[in-house]
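Structural characterization, general
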Amino acid sequence: MTGRPVADALKKKIREKAEAFAAAGRPLTLAILTVGRDPASFVYRGRLLKISESLGIRTRCVELPETASTLETAAAIRELNNDPEVTGILPMMPMPKHVDADAVGAALAPEKDMDCLSPSNGGALLMGQGGRAACTPRACMEILSFYNIPLDGKQAVVLGRSNVVGKPAALLLLQKNCTVTICHSHTKNLPDLLRQADIIVAAIGKAGFVTPDMVKPGAVIVDVGINVTENGIVGDVAPEAAAKASAFTPVPGGVGVVSNVMMMDALVGNISNGVRSR
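What comes next concerns the included structure. (Residues numbered from 1 in each chain as written. Predicted model: local features only at pLDDT ≥ 70, side-chain atom pairs only at ≥ 80, totals over all residues. Heavy atoms only, no water.)

**Some points on the sheet that holds strand β2 (residues 58-64)**
Worth spelling out the cut-off: Between any two strands, pairing holds if DSSP finds at least two bridges. Per the convention used, a helix needs a DSSP run of H or I reaching at least four residues, while a strand needs a run of E reaching at least two, with both numbered from the N terminus. Axis definition: a line fitted to C-alpha atoms, over the contacting stretch in the case of helices. Angles run 0 to 180 degrees between N-to-C directions.
Ordered in space as β2-β1-β3, the three strands form an open sheet in which the pairing is parallel. Pairing within the sheet leaves two strands with one partner each, and these edge strands are β2 and β3 (88-91). Strand-to-strand twist across the sheet, computed as the mean angle between neighbouring axes with direction ignored, equals 20 degrees.

Here's what the structure looks like:
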């Protein structure tokens, strides 16, 4: 299940909508906020800027110094909330340690929150009352849908319980009537649980963690892991384990390719719902 065909199909739809909105005088604008000079954040921002340009979407980069406080960061967020030209806002994570990332998320206007950092959006997802979720778990679901992977009634195991991948992925799978088990560092008998899974979403952040003995033949594997090793970038699933699957996402070339585009898809959703100002 390579990500490129999924991303290309999404880009076509997004470009058409973005052009239509621009022609109607309602251009899309993504505001990206950085605090400090985290290298990974700037790499990710660069990718988003490139994708935005290719789709005819405007961007605004707001850069705060490393010394910016939580209050200053939240104030910058609120200024963007109140700007009618801004369609969506993405504060780049991680923030410097002295900045309260939860407070930054809470400062976001829920309707402009691009990566489901607002507690309001997280709560709505938990209650099944909204379609907002972080871009990476949404990318996982988009891939499964694109490749027509049946989900209803399937046993799904999610490796990882982060707020940006593991938990929302589990909730999105639950919305599709999967029976979901979330595993983490304290889970007992983890290999046994994985062997029961029809669908595995690996987002634990450990290179090659899922080995062949943990996967039943024919399982579907979505590998979210991005681990830098001396052999290059690898996922959380060992290649030998992926070989036992009926379908799997490669690393690189899988979920990451789609995740970046889902940010633009969220922007289209915002303006379709009438978001212009708070």
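After presenting the structure, the write-up continues.
**Notes on the pattern of salt bridges**
For side chains bearing opposite charge, pairing can occur when the charged atoms are close. Our working definition: The term salt bridge refers to a pairing of a side-chain nitrogen on Lys or Arg with a carboxyl oxygen on Asp or Glu at a separation within 4 Å. Each residue's exposure class comes from its accessible area (1.4 Å probe, protein chains only) as a fraction of the maximum for that residue type: buried when under 20%, exposed when over 50%, partly exposed otherwise.
All chains considered together, the criterion is met by eight salt bridges. A salt bridge links Arg45 to Glu63, with the nearest nitrogen and oxygen atoms 2.9 Å apart. Placement of the pair is Arg45 in helix α2 (residues 39-55) and Glu63 in strand β2, with a sequence separation of 18 residues. In this structure Arg45 comes out as buried when scored by relative accessible area, which is 11%. With relative accessibility at 43%, the residue Glu63 sits in the partly exposed group. Between Glu85 and Arg58 there is a salt bridge whose closest N-O contact spans 3.4 Å.

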